[in-house]
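# Chains, contacts and geometry: an overview
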Amino acid sequence: MTHIDPGAGLEPVHPVAPRATRPAGLTRAEVAERVARGLVNDVPVRSSRSLGEIVRGNVFTRFNAIIGVLWVVTLFVAPIQDSLFGFVILANTGIGIVQEWRAKKTLDSLAVIGEARPAVRRDGGAVRVPTSQIVLDDLVLIGPGDKIVVDGVCVEAEGLEVDESLLTGEADPVVRHPGEQVMSGSFVVAGGGAYQATKVGREAYAAQLAEEASRFTLVHSELRSGISTILKYVTWMMVPAALGLIVTQLVVKSSDFKNSVARTIAGIIPMVPEGLVLLTSVAFAIGVIRLGRKQCLVQELPAIEGLARVDTVCLDKTGTLTEGGMDVTALKPLGGADESRVREVLAALGASDPRPNASLRAIIDAYPDGGDGDRRPVTTLPFSSARKYSGAAFRDGDGEVTGWLLGAPDVLLSPEDPALAETGRLNEQGLRVLLLARAARDLHGPDPERGARPVALVVLEQRLRPDAAETLRYFADQDVRAKVISGDNAVSVGAVAHKLGLPGRAVDARRLPADRADMAKEVDRATVFGRVTPRQKREMVGALQSEGHTVAMTGDGVNDVLALKDADIGVSMGSGSEATRAVAQIVLLNNSFATLPSVVAEGRRVIGNITRVATLFLVKTVYSVLLAVLVVCWQVEYPFLPRHLTLLSTLTIGVPAFFLALAPNKERARPHFVRRVMRYSIPGGLLAGAATFATYLLARHHYTGADALAAETSAATLTLFLISMWVLAIVARPYTWWRLALVAAMGVAFLFVLTVPWLQDFFALRLVGNTMPWAAVGVAVVAAAALEVVWRWVGRRFPV
């Protein structure tokens, strides 16, 4: 168990006004005693795999086992140059381990930055501690947006409402009173209070769930599952082809035993697309490192891929398009209300809320000294996204208790109230308007807003994020539709959206149809939605998904949690509530909406490039299986030694694939990965294998003598290299200067091998005469032309 200093990592918190009845919490000595007994919330939540898991995951794979056995055999029966494929695999595996280890360090460092630090009361004062340092019986303080991190019993409650939907599936908040149980994994939507920890560590209800949700993973993505599917089919093809090849080379042919073994291994090795899995892991890991440098925490690695597939992004206005802070720009008393009295009430409302939201914080900043500092609320009604207002009741000097409400005018006022016209004019300017109203009913009774008398309008100006307009333009350019979903007034939200250059009509979500199909059509058509409740946000995300859209949801408030959880990709701001950070797959630690295009671009780079290079690997697999089948049917020696295919794989697949996988790629990721790859790999591999074997058969008829097999192999190698180069040239399109240079460099490297004497001897490649080499080139040219025609026909005939 990790040693914890009971005084380490503590951050003081500005305490709420002290009350005589409040428990003081544990003492330093009591904390130390519980730490010594191991009663600590020491759950090993990690953002990445351990070093041992990284090594095992990269080394102990099915294909590494196959290649490892063949490599050991080759070391005993063939020259070292026929064993080069083993050293290449070692180098590739090492690269994979190093890159994932770098990604782990990046993730771990970012996870520390974004780690939640709940407030606990110890020795009578409030301090913040890491979640892992909460001990049994600690008194944990909670407010709106806070996640309940361990199981406990409520000790204090001031209008405390808890959302347990992540545990129970029920979206309605539950009111909690002292003495009632609260469960880890739930979060506070309104009010505040404190609870005493009764279960910590692995005993907590949601501990295992939280650990799984935060772990570095490479599963549950279309890309990874697609590659697994391909590898399964490859295995099925490989086994009978390899068995037939072994029998043919070792039994049917009476050639030298060691040479037969080497050629058998040469036929099996290229069937394994071992580099495809490695390259995918490396591409993802490098993506994590690149995003980490931009303060973007990827809590679940497939989120990079998921965001690349997104075609609709739902944006919460506050904290995403606008900055969290606001400024009070005007106060408009209604019905002859005394402005000084209004200021006093607003100041008192601000002082009554220990956890003010952005709107109330702006009011506190504007009227810090307007009210009686000693006034205590008789009762409070915390702000709730579902209600759209908050309130408090105060005892006046004459002993009378007066209730006040502060919130959305169109919720607190009747539709015919004249104050709504003024509110509408202000909303059209993009301003946010709150109504101060005198309550006519008990704040904790049913419908406390009914009969409320309007007293004043508070006008607030929202601060637009300077990078929001540019980011929205990026999404428009990338064919990703942006939809603004907000709890604010629809007209005001629409005005903000238009200021940022986002076209489309604004819709009041209260008027959306209840039917799921009708709602889906309306949500699909419109762009801006106001007065959206947390439940509606969730329903709107589901409606968009039902129309076939891949949806990303951004947000930072507790009212966004349900939608973030249900969206294909949830994106939270680092400064957002603890609950939103817990359910989001991506956390923007720098709170910059402008980082989102980088995440989209990184995902598109990874997915687009892996789809591109997968074709290279699988063309090799297909032509290797075909060559093995043809060799078995014709009962001839396998045309290649391992060194030949190592050279071809390195120049036409390995080196180019590495550069192509890391290149920029802005194309939106499309579904059906397996179909997209195989529709090109199968015809490409069949043409390459058939052309190579045709050259091999021609060479067998042309060459005679003791060195005939070596000359036949060289001619077949030339044809296979030229066709593979043409496959590479097609995959590398559209051309840029560096892609042309890459293809040309590979061609020059092969030419170098053919012309330098010691390389000719090392790779056993020597073109004999003029007839067969030119025949090999001719066969390759015909196959390349056929490849162009077939691939274009496949693209038209089998669109994806």
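Each residue is numbered by its place in its chain's sequence as written, counting from 1. pLDDT decides what is reported in this predicted model: residues at 70 or higher carry local features, side-chain atom pairs at 80 or more are listed and counted, and totals for whole chains, interfaces and linings draw on all residues regardless. To get the side-chain values, take all heavy atoms of the structure and skip hydrogens and water.

Quick look at the overall build of the protein chain now. Helix and strand counts for the protein chain come out as 27 helices and 22 strands. The buried share of the protein chain, taken over its 800 residues, is 56%. In this text, helices come from DSSP runs of H or I with a minimum length of four residues, and strands from runs of E with a minimum of two, each type numbered from the N-terminal end. Burial classification: accessible surface area is computed with a 1.4 Å probe over protein chains only, and a residue below 20% of its type maximum counts as buried, one above 50% as exposed, and the rest as partly exposed.

Only when DSSP finds a minimum of two bridges between them are two strands counted as paired. The strand order across the open sheet formed by eight strands is E9-E22-E21-E20-E10-E17-E19-E18, and the pairing between neighbours is mixed. A single partner strand is all that each edge strand has here, and the edge strands are strand E9 (296-298) and strand E18 (506-508). Taking the axes of each pair of neighbouring strands and ignoring which way they run, one obtains an average angle of 20° across the sheet. Bridge count for E18 against strand E19 (residues 528-530) is three bridges, and the pairing is parallel. Its bridge partner lying in E19, Val507 is registered against Phe529. We call two residues in contact when some of their heavy atoms are within 4.5 Å. Axis definition: a line fitted to C-alpha atoms, over the contacting stretch in the case of helices. Angles run 0 to 180 degrees between N-to-C directions. Against the sheet, helix H16 (residues 490-499) makes contact with strand E17 (481-485), E18 and E19, and its axis sits at roughly 150° relative to E19, the strand it touches most. Where helix H18 (residues 534-546) meets the sheet, it contacts strand E10 (312-315), E17, E19 and strand E20 (551-555), and its direction lies at approximately 160° from that of E20.

Take the number of residues in a helix, subtract one, and multiply by 1.5 Å to get its expected span. The first and last C-alpha atoms of helix H21 (residues 596-634) sit 57 Å apart over 39 residues, in line with the 57 Å expected at 1.5 Å per residue. Positive phi shows up at Gln635, right after H21, with a value of about 55°.

Side-chain rings of Phe, Tyr and Trp (the six-membered ring for Trp) are treated as a pair once their centres are within 6.5 Å; stacked means planes under 30 degrees apart, edge-to-face means over 60, and tilted covers the remaining angles. Scanning all chains against the criterion turns up nine aromatic pairs. Where Tyr638 meets Phe640, the ring centres are 6.1 Å apart and the plane angle is 70°; that geometry is what we call edge-to-face. With a relative accessible area of 0%, Tyr638 lands in the buried category. Chaining the aromatic ring pairs together yields one cluster made of Trp634, Phe693 and Tyr696.

On to the side chain of Ser486. By the secondary structure assignment, Ser486 is in the loop between E17 and H16. A residue is classified by how much of its surface remains accessible, and Ser486, at 1% relative accessible area, is buried. The residues contacting Ser486, other than those within four sequence positions of it, are Asp316, Lys317, Val493, Phe529, Gly530, Arg531 and Val532.

Here we take up the confidence of the model for the protein chain. The share of residues in the protein chain with pLDDT of 70 or more is 89%, and the mean pLDDT across the chain is 82. pLDDT measures the predictor's confidence residue by residue and takes values from 0 up to 100. Put simply, helix H6 (residues 207-213) is where the protein chain has its lowest mean pLDDT, 46, and helix H25 (residues 737-755) is where it has its highest, 94. Per-residue pLDDT stays below 50 along residues 12-20; that stretch engages in eleven contacts with residues further than four places along the chain or on separate chains. Taken together, the stretch residues 208-220 has pLDDT below 50 and engages in 31 contacts with residues farther than four places along the chain or on a different chain.

On to the nonpolar core, then. Definition of nonpolar core: a set of buried residues of the types Ala, Val, Leu, Ile, Met, Phe, Trp, Tyr and Cys, connected through side-chain atoms within 4.5 Å. Grouped together as the largest cluster of nonpolar side chains are 129 residues, with contacts concentrated most on Leu307, Ile586 and Phe750. Residue contributions to this core peak at 19 residues, all from H21. Among the nonpolar cores identified, the runner-up in size contains 27 residues, and Met519, Ala526, Val551 and Leu564 belong to it.

With that out of the way, let us pick up the pairing of strand E3 (residues 125-128). Of the pairings in the sheet, the one linking strand E2 (residues 119-122) to E3 comprises four bridges and is antiparallel in character. Its bridge partner being in E3, Val120 is matched across the sheet by Val127. Where E2 folds back on E3, the antiparallel hairpin that results is connected by two residues, among which Asp123 adopts a positive phi of roughly 55°.

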